[in-house]
Amino acid sequence: MIEKIEPWIQGKRVLLLGFGREGRSTYNVLRRLGTCSVLDVADQLALEDQLEGIETWISGPDYQSCLNDYDVVFKSPGVVLERPAEEYRCQILSQTEVFFQCFRDQIIGITGTKGKSTITTLLYHLLKHAGYDTILAGNIGIPVFDLMEDIRPETIIVCELSCHQLEYMTVSPHIAVLSNIHEEHLDHYGTMEKYVRAKEHIFLNQRPEDVLICSVQCLPEPGECVSRLITACPAFAEPPLDRYWKEKKTPVRQDAPSLCVEENENATIIRYEGTVYRIPQDRIRLMGQHNYFDIGFAYAVCRILHMSEEDFTKGLIDYEPLPHRLQFLGELNGVKYYDDSISTICETAIQALKTLKDTDTILIGGMDRGIDYRELIEYLSRSPVPHIILMEATGKRIFEEITEDYPEFENMQRLIPAEHLEDAVQIAKEVTRPGHSCVMSPAAASYGIFRNFEERGERFRALVFAEQPENTVF
């Protein structure tokens, strides 16, 4: 199957821009094909070990100055181009672009600021559990070129897509899921407009026979989506995407939702095109209305693929949620601890508090990327949570903004500044009352403090259970 790549590289001068996981994967595949006339690498870091088949390794601060010396450039997702792609003479490609050109009719693509990993892994699990021929690809961790030999004509490809993978895409998946768009990655994009446009590439190149399942929070503007649109409405209120950069406001599509997740007194149900499905809340590990909305997206896709409700339910009950997403860690001294380290925006911290109604302490803060915290501050003011521990740079900024700009904030004595996560956990252990919950839901990035949100979550667990006495319950 890797031979499908040859039309893009045969006889061409090829540059690998970035040599992380995906760059190494591209190198291995192109070396196996052996049809490039030249294969070079440009990366910020210098080459440590000689690589067979690489004629030139360009490194240093000007490593991108050579792009127009090549016919084709394979850009890794984390690399930021110094100029707009259209200003280069070379063809800017990526693994994702070429993979989609080869297999787009078989791909279900999922993106969103939050929820995409849960929807992706849940959908893959449901399909696999029901006996479908399916593979998991994309941002979830496996470079797509490494999967090409496993794909048959009947294979369903479930692909998580980050904004970085979507940014320069000229092809969209046959079935696209867009769960939400919130303020994020402004340190990379500079403006919200550029970030939103990157996300919208999930549907911008779809065809009339394709499908877009999109939250009402971020519906396409009129004329921008030619595919069949399935609008999705959650059971919780979510501020609509504000395209404030538009000088002339165009009316947002007001399509009646055809996928609705509704919370009743004793149940959460999914309504989808005439069918009603009751989520078996007491039999599944996913919790909270934000996760039930993710289930709704997966339900719609599974119905499109003609999966029975019986098979859907069996797979849903068997699904093991990803770690660091409102994950129950255990109980210590009568306090239940939850790790929500994936939380990097206001909405996720708010959803954590809405889900864990017995929260006594929440830990907030991380790297400051300049996002607007008004929504979270206003929610915390109304929230009954008695202990709000504010740590790191964003915690300090939130504390200062509340004390200086929000004199009406209810019971400011609840705000507890802390320098770092270690200090915050120690304070949480001292103030959280037995019989209640403590959750770390930072609403901020981990970078600059930890390698990633996973390391932050593991560090939180280690600090909580540093001493594991007899009264610890897992």
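Residues numbered from 1 in each chain as written. Predicted model: local features only at pLDDT ≥ 70, side-chain atom pairs only at ≥ 80, totals over all residues. Heavy atoms only, no water.

A. Region of interest: the sheet that holds strand β11 (residues 228-233). Strands sit in the order β7-β8-β6-β9-β10-β11-β12-β13-β14 across an open sheet of nine strands; the sheet is mixed. The outermost strands of the open sheet, each flanked by one partner alone, are β7 (134-138) and β14 (275-278). Taken pair by pair, the neighbouring strands of this sheet meet at an average axis angle of 15 degrees, ignoring direction. Across the sheet, helix α4 (residues 116-129) lies against β6 (107-111), β7, β8 (156-160) and β9 (175-178), angled at about 165 degrees from β8, the strand it touches most. (Pairing = 2+ DSSP bridges. Helix = DSSP H or I, 4+ residues; strand = E, 2+ residues; numbered from the N terminus. Axes fitted to C-alpha atoms, helices over the stretch in contact; angles between N-to-C directions. Contact = heavy atoms within 4.5 Å.)

B. Seen up close, the pairing of strand β18 (residues 387-391). Among the five residues that make up β18, five are buried, leaving the element largely enclosed by the rest of the structure. Across the two faces of β18 the burial is the same, with H387, I389 and M391 and I388 and L390 all buried. Here strand β17 (residues 359-364) pairs with β18 via four bridges, running parallel. Across the sheet, the residue bridging to T361 is H387, located in β18. Following the chain from β17 across helix α11 (residues 374-382) to the adjacent parallel β18, one finds a crossover that is right-handed. With helix α12 (residues 392-405) bridging β18 and its parallel neighbour strand β19 (residues 415-418), the resulting β-α-β unit is right-handed. (Buried < 20%, exposed > 50% of the residue type's maximum accessible area, 1.4 Å probe, protein only. Right-handed = clockwise from strand over helix to strand, strands pointing away.)

C. Quick peek at the pattern of salt bridges. As enumerated under the stated definition, the model contains 25 salt bridges in all. Put simply, E149 and R32 hold a salt bridge, and the shortest N to O gap is 3.3 Å. On the criterion of sequence distance, the pair formed by E149 in the loop between β7 and β8 and R32 in helix α2 (residues 21-33) is long-range, its members being 117 residues apart. Residue D368 is joined to R397 by a salt bridge in which the shortest nitrogen-to-oxygen separation is 2.9 Å. Of this pair, D368 sits in the loop between β17 and α11 while R397 sits in helix α12, and the two are 29 residues apart along the sequence. Exposure remark for D368: the relative accessible area of 32% places this residue in the partly exposed category. (Salt bridge = Lys/Arg side-chain N within 4 Å of Asp/Glu carboxyl O.)

D. Structural context of unusual backbone geometry. The phi angle at L326 is positive, at roughly 50 degrees, despite the residue not being glycine. Secondary-structure assignment places L326 in the loop between α9 (309-318) and β15 (327-332). Classification of L326 as buried rests on a relative accessible area of 4%. In this model, N411 sits at a positive phi of 55 degrees, which is unusual for a non-glycine residue. Tracing the backbone shows N411 in the loop between α12 and β19.

E. Here's a closer look at the packing of helix α13 (residues 421-431) against helix α14 (residues 453-464). α14 packs onto α13 with a crossing angle of 45 degrees between their chain directions and a minimal axis gap of 10 Å. As far as their axial angle goes, α14 and α13 are oblique. In this structure, the crossing between α13 and α14 has a hand that is right-handed. Every residue of α14 that contacts α13 at L421, E422, V425 and K429 is listed here: R456, R459, F460, L463 and V464. Here the residues of the contact of α13 with α14 sort into five nonpolar, no polar and four charged. (Parallel < 35°, antiparallel > 145°, perpendicular 65-115°, else oblique. Left-handed = near helix turned anticlockwise from the far one by under 90°. Nonpolar A, V, L, I, M, F, W, Y, C, P; charged D, E, K, R; others polar.)

F. The arrangement of the environment of S172 in detail. Mapped onto the secondary structure, S172 falls in the loop between α5 (163-166) and β9. Owing to a relative accessible area of 0%, S172 belongs among the buried residues under this scheme. S172 sits 198 residues away from G370 along the chain, and the two C-alpha atoms are 31 Å apart. At 3.4 Å, the side chain of S172 and the backbone oxygen of I202 are in polar contact. (Polar contact = N/O pair within 3.5 Å; in protein donor to acceptor, adjacent residues only side chain to side chain.)

G. The packing of aromatic side chains, seen in detail. By the definition in use, this model includes 15 aromatic pairs. Seen in terms of ring centroids, Y244 and W245 are 5.2 Å apart; in terms of plane orientation they differ by 80 degrees. Their pairing is edge-to-face. With a centroid separation of 5.2 Å and an interplanar angle of 85 degrees, the aromatic rings of Y299 and F312 are classed as edge-to-face. One end of the pair, Y299, is in helix α8 (residues 289-304); the other, F312, is in helix α9, and 13 residues separate them in sequence. The same class applies to Y299 and to F312, which are both buried. Grouping aromatic residues by their ring pairs yields a cluster made of Y272, Y277, Y299 and F312. Above the plane of the ring of Y70 lies R13, whose end atom (NZ or CZ) is 5.1 Å from the centre. The ring of Y88 is capped by R83, whose NZ or CZ atom sits 4.4 Å from the centre of that ring. (Phe/Tyr/Trp six-rings, centres within 6.5 Å; stacked < 30°, edge-to-face > 60°. Lys NZ or Arg CZ within 6 Å of the ring centre and 35° of its normal.)

H. Highlighting the sheet that holds strand β4 (residues 72-75). The parallel open sheet is built from five strands, whose spatial order is β3-β2-β1-β4-β5. Strands at the two margins of the open sheet, each flanked by one partner only, are β3 (57-58) and β5 (91-93). Here strand β2 (residues 38-42) pairs with β3 via two bridges, running parallel. Within β3, the position partnered with V41 by the bridge is W57. Together, β1 (13-17), β2 and β4 form the strand contacts of α2, whose direction differs from that of β1 by roughly 155 degrees.

In short, geometric facts, not functional conclusions.
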